[in-house]
Protein chains: 2
Amino acid sequence: MPKEPIRLDARVTLAHGNGGRLMRELIDGIFAKELGNLDTQVDAARLPLETSESDWLITTDGFTVEPLEFPGGDIGSLAVHGTVNDLAVSGATPRYLSLNVFIEEGLEMAVLVRISHSIAQTCESCGVQILAGDTKVVRRGQGGGLYLATTGIGQRRQGIELGLGQIQPGDRLVVSGTVGDHGTAVILAREHFGLSGNLQSDAASVVPVTEVLLEYPGLRFMRDPTRGGLATVAHDIASTTGTTVRLLEEQIPVRNEVRGVCEILGYDPYYLASEGRVVAVLSPEAAELAVADLQQRGFRDAAVIGVIESGTTRVILQTRLGGERILPELEDDPLPRIC
Amino acid sequence: MPKEPIRLDARVTLAHGNGGRLMRELIDGIFAKELGNLDTQVDAARLPLETSESDWLITTDGFTVEPLEFPGGDIGSLAVHGTVNDLAVSGATPRYLSLNVFIEEGLEMAVLVRISHSIAQTCESCGVQILAGDTKVVRRGQGGGLYLATTGIGQRRQGIELGLGQIQPGDRLVVSGTVGDHGTAVILAREHFGLSGNLQSDAASVVPVTEVLLEYPGLRFMRDPTRGGLATVAHDIASTTGTTVRLLEEQIPVRNEVRGVCEILGYDPYYLASEGRVVAVLSPEAAELAVADLQQRGFRDAAVIGVIESGTTRVILQTRLGGERILPELEDDPLPRIC
């Protein structure tokens, strides 16, 4: 049968999700075309694994960001980076992904094509392959344009032991760059506050950062500060290890634009998502060396931003003026659909 | 901190998805409790793989069924069975899953608890473990109560070669049980037509069926006839192999209740989803033996229902009266959110 090309001025209909002709054309015309290695004829694909001297890790993440496209990225690049990053902060090299697509009836085909292209490009730049996919279409008013879910599989050298359980009092908290850029960029793109500027999401692969940090035997733990931001990572550390996490306001890198927008809108940048940063815990000696190393390799805003102290479970912000303030665990949600 | 138990009379709020305290309580109180092996402290979990003498397969699927609970199952059991079945029809033993949860603000906590319990029970009965999970909450009016995405990983003995490419003219089409039960049960549960009866979804693991069929060297291909039903599997076979698929109306098992509901509502049961059946292609000799074998093991409705013929790409239904009718490829979608 001759294939109809996908019409960019069309919209996705319920029939594109029914398993029949239109769905086949959608998958062949967009996903199979963009993702050349994806075998759309099989119910399950071969997962090529070499297990000598390595562990395999698995992670999964859902993405609901609104708007679907924002300065610095889109839901497609965000999904690939997000899953790649969960593997990277676990010490693994990202290798394979699966991709679930939930489309709301009425989505512009041109948007779907752009986002699929973005997914393919991001996979290529991160060195990962999508091996399995699925598409569902839901009625208008039962979705958010497009939701994605990605599961990632990565390979970790044996002997790498990272985790909250490795953290000890005296260890230092390190961040690889400015915090809150993604959350702020999405809020601005969504709410049309009339605040413009050059602010972009920081969404990116953190593999270049984790590769540097993994060279330091004093590395205890890494996490990407997405939902809930830096403050939530600090709370996870404090509550799991029963320690006090002291953050040093003066050292935490925040862009002036982010600070300004947060002041106007009443957000705290420490709770806003970053999608291309790493928060890491290292021994005191390793922390200083690793930050210098990161700065030299182009991560100029990398900094030691805090210390782990024995004591009660809490997160303290030591202010510029030397005062102290408790950073509470995030309660309300000012920001649904930020990632 | 003392843990608040999950209140069954509460509803999910946006704050349950923000990465903070309520989200932690939701995950600890429901998912971690039901899924004992799930480590909620890590960004990526170890995937325990033994690779001697086996291949690993990966598959993924999204689930949007409405209503979330229906006679014979719910979205949770459907999701686990659906992904387990995609591995089973590929010749693999299902082993591990990841689970993505997209909750619409306002979902009753009691429903989420029941469905999580159903997920856990179905995993246990299928012998699979959930290794990774993620939860997102979207605003009211931007979801369908609950959507799930599952990625599955299974282990296949080396040497099993199944696929559309193995099919030859003369091969027989076999089905393991009645068709259209799931689709019909969901339509009835959703639309409140006032048609009652004992009709239940057929949603189930097909591993007991595929294990029987895999004993026959004449087995070429298996698929579970979900979205688009039996007719869509027949079309996939015809269009990929360039053959004519002849279906024998008299041999296709359809429950009287399904036939009756379809006649009243104007659906064709051959296009309706089954979620616990297998459509398989086998050599003529193997087909007869395998069907007798299945019937003996309790799959009493198993039948040889068609034949693969060389010729043009099409699907023909040979009617009870000896006539012929072309079964077209599914075009419209009478049934969104059926799986």
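Note that residues are indexed from 1 along each chain, following the sequence as it is written. Chains carry letters from A onward and ligands carry numbers from 1 onward, assigned in written order. The predicted origin of the model limits local features to residues at a pLDDT of at least 70 and limits the giving and counting of side-chain atom pairs to 80 or more, whereas totals for whole chains, interfaces and linings rest on all residues. Side-chain measures were taken over the full set of non-hydrogen atoms in the model, leaving aside hydrogen atoms and water.

**What about the packing of aromatic side chains?**
Okay, so step 1: Ring pairs are drawn from Phe, Tyr and Trp, using the six-membered ring of Trp, whenever the two centres fall within 6.5 Å, and their geometry is named by plane angle: stacked under 30 degrees, edge-to-face over 60, tilted for the rest. Summed over all chains, the structure comprises 5 aromatic pairs over all chains.
Okay, so step 2: Seen from their ring centres, A:Tyr147 and B:Phe102 are 5.7 Å apart, and the 10 degrees between their planes marks the pair as stacked. Highlighted residues: A:Tyr147 in strand E7 (residues 146-157) and B:Phe102 in strand E5 (residues 93-104), drawn from two different chains.
Okay, so step 3: Residue A:Tyr147 is classed as buried on the basis of its relative accessible area, which comes to 1%.
Okay, so step 4: Throughout this description, buried means an accessible area under 20% of the type-specific maximum (1.4 Å probe, protein chains only), exposed means over 50%, and partly exposed covers the range between. The buried category is assigned to B:Phe102, whose relative accessible area is 3%.
Okay, so step 5: An aromatic cluster is defined as three or more aromatic residues linked by ring pairs; in this entry it consists of A:Phe102, A:Tyr147, B:Phe102 and B:Tyr147.
Okay, so step 6: In this scheme, the term charge over a ring applies when either NZ of a lysine or CZ of an arginine sits within 6 Å of the ring centre and within 35 degrees of the ring normal. The ring of B:Phe63 has A:Lys136 lying over it, and the distance from NZ or CZ to the ring centre is 6.0 Å. Think of it this way: any DSSP run of H or I at least four residues long counts as a helix, any run of E at least two long counts as a strand, and we number them from the N terminus.

**Re the interface of chain B and chain A**
Okay, so step 1: Between chain B and chain A, the residue contacts involve 72 residues of the former and 73 residues of the latter.
Okay, so step 2: Summed over both partners, the accessible area (1.4 Å probe) lost when two parts come together is defined as the buried area. Taken as a group, B:Asp43, B:Ile58 and B:Arg227 account for 13% of the area that chain B buries against chain A, more than any other trio of residues on that side.
Okay, so step 3: Salt bridges are defined as contacts in which a side-chain nitrogen from Lys or Arg sits within 4 Å of a carboxyl oxygen from Asp or Glu. Run the count over chain B and chain A and you get 12 salt bridges.
Okay, so step 4: Between A:Lys136 and B:Asp61 there is a salt bridge, with the nearest N and O atoms lying 3.2 Å from each other.
Okay, so step 5: Distance and chemistry together define a polar contact, namely a pair of N or O atoms within 3.5 Å, with one atom able to donate a hydrogen and the other to accept it when in protein, and with adjacent residues in sequence counting only for side-chain atoms on both sides. For the interface between chain B and chain A, the tally reads 48 residue pairs in polar contact (both at pLDDT 80 or more).
Okay, so step 6: For the side of chain B that touches chain A, the element with the most residues is strand E2 (residues 54-63) of chain B, which contributes 9 residues.
Okay, so step 7: Pairing of strand E2 (residues 54-63) of chain A with strand E1 (residues 45-47) of chain B, which is carried by 3 bridges, proceeds in the antiparallel orientation. Directly across from A:Leu57, in E1(B), lies its bridge partner B:Arg46. Residue contacts are defined here by distance: any two heavy atoms, one from each residue, within 4.5 Å place the two residues in contact. Whether two strands pair comes down to DSSP finding at least two bridges between them.

**Topic: the relation of the copies chain B and chain A**
Okay, so step 1: Copies overlap after least-squares fitting; the atoms used are the C-alpha atoms of residues with pLDDT of at least 70 in both. Note on the identical chains: chain B maps onto chain A by a rotation of 180 degrees and an axial translation of 0.0 Å, with an RMSD of 0.0 Å. On the angle and the small slide along the axis, the relation comes out as a two-fold axis.
Okay, so step 2: With an isologous cut-off of 70% or more, the 100% of interface residues of chain B that recur at the interface of chain A puts this contact in the isologous class.

**A short note on the nonpolar core**
Side chains that are nonpolar tend, in soluble globular proteins, to be buried together.
Okay, so step 1: What we call a nonpolar core is a set of buried Ala, Val, Leu, Ile, Met, Phe, Trp, Tyr and Cys residues that are connected through their side-chain atoms within 4.5 Å. One finds A:Leu112, A:Leu146, A:Leu213, A:Ile237, A:Leu247, A:Tyr270 and A:Leu282 to be the most contacted residues of the largest nonpolar core, which totals 100 residues.
Okay, so step 2: No other element matches the 8 residues that helix H3 (residues 109-126) of chain A contributes to this core.
Okay, so step 3: Segment limits for the domains were obtained from an automatic or database-derived domain assignment. A domain split of this core shows at least three residues from each of domain 1 (41-157) and domain 2 (164-326) of chain A.
Okay, so step 4: Setting aside chain neighbours within four positions, we find A:Leu146 in contact with A:Phe63, A:Leu68, A:Ile75, A:Val101, A:Phe102, A:Ile103, A:Leu107, A:Leu112 and A:Ile115.
Okay, so step 5: Counting residues in hydrophobic clusters, the runner-up holds 99 residues, among them B:Val137, B:Ile167, B:Met222 and B:Leu247.

**Topic: the environment of A:Leu97**
All names here are of chain A.
Okay, so step 1: In this structure, leucine 97 sits in strand E5 (residues 93-104).
Okay, so step 2: Classification of leucine 97 by relative accessible area gives buried; the value is 2%.
Okay, so step 3: As a C-alpha pair, leucine 97 and threonine 178 span 81 residues in sequence and 28 Å in three-dimensional space.
Okay, so step 4: Ignoring any residue separated from it by four or fewer positions in sequence, one finds leucine 97 in contact with Val80, Thr83, Cys123, Val128, Gln129, Ile130, Leu131, Ala132, Thr151 and Gly152.

**Examining the domain arrangement of chain A**
Residues and elements named next belong to chain A.
Okay, so step 1: Annotation of chain A at the domain level lists domain 1 (41-157) and domain 2 (164-326).
Okay, so step 2: Each of domain 1 and domain 2 was reduced to a C-alpha centroid, and the two centroids are 25 Å apart.
Okay, so step 3: Contact residues are listed per partner, giving 17 residues for domain 1 and 21 residues for domain 2.
Okay, so step 4: In total, domain 1 and domain 2 occlude about 1,500 Å² of area from one another, counting both sides; carbon and sulfur atoms represent 62% of this.
Okay, so step 5: Three residues, Pro71, Asn85 and Val89, lead the burial of domain 1 against domain 2; their summed loss comes to 33% of the area buried on that side.
Okay, so step 6: The tally of links between domain 1 and domain 2 comes to 1 salt bridge.
Okay, so step 7: A salt bridge links arginine 190 to glutamate 66, with the shortest nitrogen-to-oxygen separation between them at 4.0 Å.
Okay, so step 8: Counting across the domain 1 and domain 2 interface gives 5 residue pairs in polar contact (both at pLDDT 80 or more).
Okay, so step 9: Among the elements that line the side of domain 1 that touches domain 2, the one with the most residues is helix H2 (residues 75-88), at 7 residues.

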